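Close look at the chain arrangement
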Amino acid sequence: MKPAVRCWGVIPAAGLGTRMEASRPKQYLEIGGRSLLQHSLDALLAITAVEMVVVALGAEETPPAWLDDSRVRLTAGGARRADSVLAALRVLQEIAHEEDWVLVHDAARPCLLPADGERLVSRVLGSGVGALLAEPVVDTVKRVDASGRVLETLDRSQLWRAQTPQMFRLGELAAALENALRSGIAITDEASAMEQAGHPVAVVQGASRNLKVTVPQDLALAAFYLGEPITG
Ligand code: CTP
Ligand code: MG
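Residues numbered from 1 in each chain as written. Chains lettered and ligands numbered in written order. Predicted model: local features only at pLDDT ≥ 70, side-chain atom pairs only at ≥ 80, totals over all residues. Heavy atoms only, no water.

As a further point, take the packing of helix α2 (residues 81-95) against helix α4 (residues 170-183). The interhelical angle for the contact between α2 and α4, taken along N-to-C directions, is 145 degrees, at an axis separation of 10 Å. With respect to the hand of their crossing, α2 and α4 are arranged in left-handed fashion. The segment α2 lies against α4, with Ala 82, Asp 83, Val 85, Leu 86, Leu 89, Arg 90, Leu 92 and Gln 93 engaging Leu 170, Leu 173, Ala 174, Leu 177, Glu 178 and Leu 181. Tallied by class, residues from the contact of α2 with α4 come to ten nonpolar, one polar and three charged. (Axes fitted to C-alpha atoms, helices over the stretch in contact; angles between N-to-C directions. Helix = DSSP H or I, 4+ residues; strand = E, 2+ residues; numbered from the N terminus. Left-handed = near helix turned anticlockwise from the far one by under 90°. Contact = heavy atoms within 4.5 Å. Nonpolar A, V, L, I, M, F, W, Y, C, P; charged D, E, K, R; others polar.)

In structure tokens form, the structure reads like this:
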């Protein structure tokens, strides 16, 4: 009998947070006494189907004590986000099946509601098609040249902002990321590697509270959504 397909998590947390301009990588900034990484990890672990999460840390980082958890494995990330995700997938490939599903979630998205993750999981398991949380674009969107001149107004009815988690099969995702890295095409999420590899990818509507903390003012917004103060 074929073993049941399982779900695993990956958190790339090896970035430098350059745009955040803080004294340490943004995943270690704290809201309500817990780091952004801890909030993101807890949200991912709260999704019922997720058995275990592999966290890719910066090679120089000393793992914080709270990461010592039976449902968490650690590995060293790499220079680009895709390198960090691949390093974590390698750890999973030691213990999981190629057909198993993996939810990749940014350490910098601390406001994920587990209920949105649950909807993603049930949609993917129900359809067999990999998917990501995403949000329809609400603004009018302009394409602009380097001098600041508007070239055109895009049709926003087909535009979505990609979020995480992004959920794909372990074997297919690892192969797609490897191919994308080998071909030298810049990819900023798992879905774009899967698209390039010719796999179907679906969107599942997420919430705007699932922002990626990227620039300094995002921290206050994340604290607002979490209902807790910035503590460090
Ligand atoms: N990430 C990673 N390894 C890298 C680069 C990024 O694990 N080499 C992780 C970040 O830690 C973050 C997520 O990927 O959780 C999303 O990336 P991004 O928001 O771009 O974070 P940073 O790369 O850290 O920030 P910046 O681009 O501003 O330097
Ligand atoms: Mg980055």
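Once the structure has been displayed, the description carries forward.
We now examine the side chain of Asp 116. By the secondary structure assignment, Asp 116 is in helix α3 (residues 114-127). Dropping the residues within four chain positions of it, Asp 116 is found in contact with Leu 133 and Ala 207.

What follows concerns the site of ligand 1. Around ligand 1, the surrounding shell holds 19 residues, and the nearest of these are Gly 17, Thr 18, Lys 26, Ser 84 and Lys 212. The contact in question runs from an oxygen atom of ligand 1 to an N or O atom on the backbone of Pro 12, over 2.9 Å. Between an oxygen atom of ligand 1 and a main-chain N or O atom of Gly 17, the distance comes to 2.8 Å. With the chains in place, 87% of the 560 Å² that ligand 1 exposes on its own is no longer accessible. Those elements that provide at least two residues to the shell around ligand 1 are β1 (7-13) and α2. Residue composition of the shell around ligand 1, by class: seven nonpolar, six polar and six charged. (Near = heavy atom within 4 Å. Polar contact = N/O pair within 3.5 Å; in protein donor to acceptor, adjacent residues only side chain to side chain. Areas by Shrake-Rupley, 256 points an atom, 1.4 Å probe, with all protein chains shown as cover.)

As summarised here, the arrangement of the seven strands in space is β5-β4-β1-β6-β10-β7-β11, forming an open sheet in which the pairing is mixed. A single partner strand is all that each edge strand has here, and the edge strands are β5 (72-76) and β11 (202-205). Within this sheet the neighbouring strands show an average axis-to-axis angle of 30 degrees, counted without direction. Note: strand β6 (residues 101-104) against strand β10 (residues 160-169), four bridges, orientation antiparallel. (Pairing = 2+ DSSP bridges.)

So, on to the pattern of salt bridges. All told, the structure shown has eleven salt bridges when counted by the stated rule. Here Arg 90 makes a salt bridge to Glu 178, at a shortest N to O gap of 2.4 Å. In this pair, Arg 90 is assigned in helix α2 and Glu 178 in helix α4, connecting sequence segments 88 residues apart. Arg 90 gets classed as partly exposed once you look at its relative accessible area, which sits at 35%. The partner of Arg 182 in a salt bridge is Glu 178, with the nearest N and O atoms 3.7 Å apart. Here Glu 178 and Arg 182 lie together in helix α4, a separation of four residues that amounts to about one turn. Taken together, the shared-partner salt bridges in this structure form one network comprising Arg 81, Asp 106, Arg 109 and Glu 190. (Salt bridge = Lys/Arg side-chain N within 4 Å of Asp/Glu carboxyl O. Buried < 20%, exposed > 50% of the residue type's maximum accessible area, 1.4 Å probe, protein only.)

Everything listed is a geometric property; what it means functionally is a separate question.
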